[in-house]
Amino acid sequence: QVHLVESGGGLVQAGGSLRLFCAASGQFFSSYAMGWFRQPPEKEREFVAGISWNGADTAYANSVKGRFTISRDNAKNTVYLHMNSLKPEDTAVYYCAARPIRVVTTTSAYDYWGQGTQVTISS
């Protein structure tokens, strides 16, 4: 199994920036594609960004393109989400997730999930 722990969430003003961290345990981290999802209050969980096992391929939701950047450091077993120009609509619990090799955008395709970290953007 892969165990994931998110951190870096908090409260920021609209227009500000925040960086989320996802720390993974286990020797097979480099074999997994990683994704970030978010779930706003009383809404469905949605795909935000993903990165393939070797970092060669990335994918972003249209709502965050140009503002968010996903990256990974396999030597440190860590994936990052850099968030810029934050909007109140970005307020949600953000989850890190893992699946074998390739990035996909559907929640059900991911096998492992962290506990989530709260991101709140005030206007």
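No experiment lies behind these values; they were computed from the predicted model shown.

### So, the environment of A109
Within the fold, A109 resides in the loop between strand 9 (92–100) and strand 10 (112–113). Ignoring anything within four residues of it in the chain, the contact list for A109 reads R99 and V104.

### Some remarks on the pattern of salt bridges
Inspection of the entire model under this criterion finds three salt bridges. In this structure, R38 and E46 form a salt bridge, with 2.7 Å as the shortest nitrogen-oxygen distance. Relative accessible area serves as the criterion here: at 4%, R38 is assigned to the buried category. Here R67 ties to D90 by a salt bridge, and the two come within 2.8 Å at their closest N and O atoms.

### Comments concerning the pairing of strand 9
By the criterion of burial, strand 9 is predominantly enclosed, with seven of the nine residues buried. Inspection of the sheet shows strand 4 (residues 32–39) paired to strand 9 by eight bridges, in the antiparallel sense. Pairing of M34 across the sheet is with A98, part of strand 9. Judged from the two bridges that link them, strand 9 and strand 10 form a sheet pairing that is antiparallel. When the sheet's bridge partners are listed, A97 is paired in strand 10 with W113.

### Thoughts on the state of the cysteines
Taken as a whole, this structure holds one disulfide when the rule is applied. C22 shares a disulfide with C96; S-S distance 2.0 Å. For the disulfide bridge between C22 and C96, the dihedral angle about the S-S bond is near -80°, and by the sign convention the bridge is left-handed. With a gap of 74 residues between them, C22 in strand 3 (residues 18–25) and C96 in strand 9 connect regions that are remote in the sequence. Given a relative accessible area of 1%, C22 falls into the buried group.

### Describing the environment of R99
By secondary structure assignment, the location of R99 is in strand 9. Considered as a pair, R99 and D111 are twelve residues apart in the sequence and their alpha carbons are 5.4 Å apart. Dropping the residues within four chain positions of it, R99 is found in contact with Y32, A33, V104, A109, Y110 and D111. A distance of 2.8 Å separates a polar side-chain atom of R99 from the backbone oxygen of R102. A distance of 3.1 Å separates a polar atom in the side chain of R99 from the backbone oxygen of A109.

Definitions and limits used
- Residues numbered from 1 in each chain as written.
- Predicted model: local features only at pLDDT ≥ 70, side-chain atom pairs only at ≥ 80, totals over all residues.
- Heavy atoms only, no water.
- Helix = DSSP H or I, 4+ residues; strand = E, 2+ residues; numbered from the N terminus.
- Contact = heavy atoms within 4.5 Å.
- Salt bridge = Lys/Arg side-chain N within 4 Å of Asp/Glu carboxyl O.
- Buried < 20%, exposed > 50% of the residue type's maximum accessible area, 1.4 Å probe, protein only.
- Pairing = 2+ DSSP bridges.
- Disulfide = S-S within 2.5 Å.
- Polar contact = N/O pair within 3.5 Å; in protein donor to acceptor, adjacent residues only side chain to side chain.

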